[in-house]
Amino acid sequence: MQKLTNKAVGSLRVHDVSLSLLKANDYIAEMIRAEMKEKNILLLNLVSSPGSGKTSLLEETIKRLKDQLNIAVLEGDLETERDAIRIRQHGVQALQIVTHGTCHLEAQMIQQAMPSLNFEGIDILFIENVGNLVCPASYDLGEDIRVTLVSCTEGDDKPKKYPSMFLTTDIMVVTKTDLLPYVPFSVDAVIKDAHEVNSKIKTFVLSALKGDGMNEWCDWLLKKVKEKNEKESIVIT
Amino acid sequence: MHEVSICQNIIEALETELAEDQFQNVREVHIKIGVLSCIDPKILSHAFACIIEGSPFKKSSLHTKLIEVLAACEHCGQNFKVEDYRFVCPECDNPSSTIIEGNELTIYKIILEEKSYAEVNQ
C-alpha cells in the first residue's frame, strides 16, 4: 500500500537558523577558562607572525621569572618539537602541540594537551600559538590575556594590514628593539595604528636579546599573576 | 586561510541541526561572513563544493553574505560603519572598538527540498 504525501515534488522548505560555526571552539574555550580559574593559573596566548620572537621572549621571561613563578608552556607549530626543546632547556615544563599543517591552535587541541601537563603549583601557562597573524585571531583558547608580538624587522604597518588580530588582542609587544637603528620602523607609528584598530590595546616595547624593556614586561606579568591569585578580574592596564 | 576546516564545521553544524534522513534534501546553505572573520567567501564556496562530493549533502550549494564592520561609539552613542579598519567615530572622532557586526560566521538559513512522493514510498 502506497503512503500518500500532499507535498509537491520539488517544493522547498526554509529553515531559519542561527548556527555559529565557531561555537564548538568557544564552548571548549570557556571550559578551559573555567578550569584555569579554578586552578588559579594565568593563561596567556602569544600570537605573531613567524619569527617575531615569541620563543625568545618566552626564554628571556622564564630566565627572569623562574625563581618567582612556576611557569609552563604549550608550544604550537606545524611540525617539529624544536620550540618545546628550547623551552625545556630553561628547566620549565613545555609540551609541543604539532598541528600537522593546521594554521592555528584550536581550543580542542589545548584541552587535549592539558592532561599531559602537571599543573601542581603552576602560576602561569603560556600558549605559544602557530606563527600566523591571521587565523589564530578567530580562535579563543580560553586565555585571560592575548598578546600579539610585532618585531621591528616586520615593519610598523602590521596593525593595519592584519587588523583582526590587533582587534582581538589585549597586549601588543614590539620586539627586537635593539635593531631599531638599522630598520625603518617607527614605534610611534605602530602604536598609533594599533590604537586606531583597537583603542584598548596596551603596548610593551622591548628587546629580549639585550634586555631593554624586559623589567617592565616581567613586573606586569607578576602583577597579573597576583591579580589572578586573588581571584580579582584581570584588568589590562 | 582555514576555509576547509570552516567547511567541516558547516557540515558538522548541519549534521547536528538536521535529522539524518534530511541530509540529502539540503539544497541551499546560507551563511553570514563577517569581514573580521578573515574568511574569503569565494574560497569557502569552492572548498564547500569539494568537500560535499560523495557526501549526503552533494546536492547542496553554499550562499554567502558578507557583513561589513559596524561599531558603536561609546562616547556619542552613534553606530558607525568601519572603513579601512579605522575604529574611530566619524561623528566625534573618539576611538571605539565595540563591534556590533562584522565578526559573524553563522549559518542563518537552510533550504531543504521536501521529500517527494517517490522518497516517501521507498
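Residues numbered from 1 in each chain as written. Chains lettered and ligands numbered in written order. Predicted model: local features only at pLDDT ≥ 70, side-chain atom pairs only at ≥ 80, totals over all residues.

Caption draft 1: Geometry of the overall build of chain B. Counting secondary structure elements, chain B contains three helices and six strands. Scanning chain B from its N terminus toward the C terminus, one meets helices and strands in the order α-β-α-β-β-β-β-β-α. Computed over the C-alpha atoms, the radius of gyration of chain B is 19 Å, more than 25% above the 14 Å expected from 2.2 N^0.38 for a compact globule of 122 residues. Seen through its C-alpha atoms, chain B measures out along the principal axes to roughly 65 × 25 × 20 Å. Burial status across chain B gives 34% buried among its 122 residues. For chain B, the proportion of contacts with a sequence separation of at least 24, taken over those separated by at least 6, is 70%. (Helix = DSSP H or I, 4+ residues; strand = E, 2+ residues; numbered from the N terminus. Rg over C-alpha atoms; globule rule 2.2 N^0.38 Å. Buried ≥ 20, exposed ≤ 12 C-beta atoms within 10 Å, placed from the backbone. Contact = placed C-beta atoms within 7 Å.)

Caption draft 2: Fine view of the overall build of chain A. A tally of regular secondary structure across chain A gives eight helices and eight strands. Across the 237 residues that make up chain A, the buried fraction comes to 43%. Intrachain contacts of chain A at a sequence separation of at least 6 include 74% that bridge at least 24 residues.

Caption draft 3: Region of interest: helix 8 (residues 214-229) of chain A. All names here are of chain A. Its 16 residues give helix 8 an end-to-end C-alpha distance of 23 Å, which sits within 8% of 22 Å, the value for a rise of 1.5 Å per residue. By the burial criterion, the buried members of helix 8 are Met-214, Trp-217, Leu-221, Lys-224, Val-225 and Lys-228. For helix 8, the arc enclosing every buried residue in end-on projection is 105 degrees, short of the 170-degree limit, so these residues lie on one face. Away from the buried face of helix 8 by more than 90 degrees, exposed residues Asn-215, Glu-216, Asp-219 and Lys-226 are located. Residues of helix 8 that are buried in the fold lie against strand 2 (42-47), helix 2 (54-65), strand 5 (124-128), strand 6 (145-151) and strand 8 (202-205). One or two residues past the end of helix 8 sits Lys-231, with phi positive at roughly 60 degrees. (Expected span 1.5 Å × (residues − 1). Arc of directions from axis to C-beta.)

Caption draft 4: The interface of chain B and chain A, seen in detail. Taken together, the contact between chain B and chain A spans 33 residues of the former and 34 residues of the latter. No other element matches strand 6 (residues 105-113) of chain B, which puts nine residues into the side of chain B that touches chain A. For the side of chain B that touches chain A, a count of residues per class yields 18 nonpolar, eight polar and seven charged. Relative to strand 6 of chain B, strand 1 (residues 12-20) of chain A is paired through seven bridges, and the arrangement is antiparallel. From the neighbouring strand, Asp-16 of chain A faces strand 6 of chain B, where its bridge partner is Lys-109 of chain B. (Nonpolar A, V, L, I, M, F, W, Y, C, P; charged D, E, K, R; others polar. Pairing = 2+ DSSP bridges.)

Caption draft 5: Spotlight on the sheet that holds strand 5 (residues 98-101) of chain B. Residue and element names in this part refer to chain B. One open sheet accounts for three strands, arranged 4-3-5; its pairing is antiparallel. Of all the strands in the sheet, the pair left with one neighbour each is strand 4 (79-81) and strand 5. Here the strands of the sheet are splayed against their neighbours by 40 degrees on average, with no regard to which way each runs. Bridging between strand 3 (residues 70-72) and strand 4 involves three bridges; their strand directions are antiparallel. Residue pairing across strands places Ala-71 opposite Phe-80, the latter belonging to strand 4. (Axes fitted to C-alpha atoms, helices over the stretch in contact; angles between N-to-C directions.)

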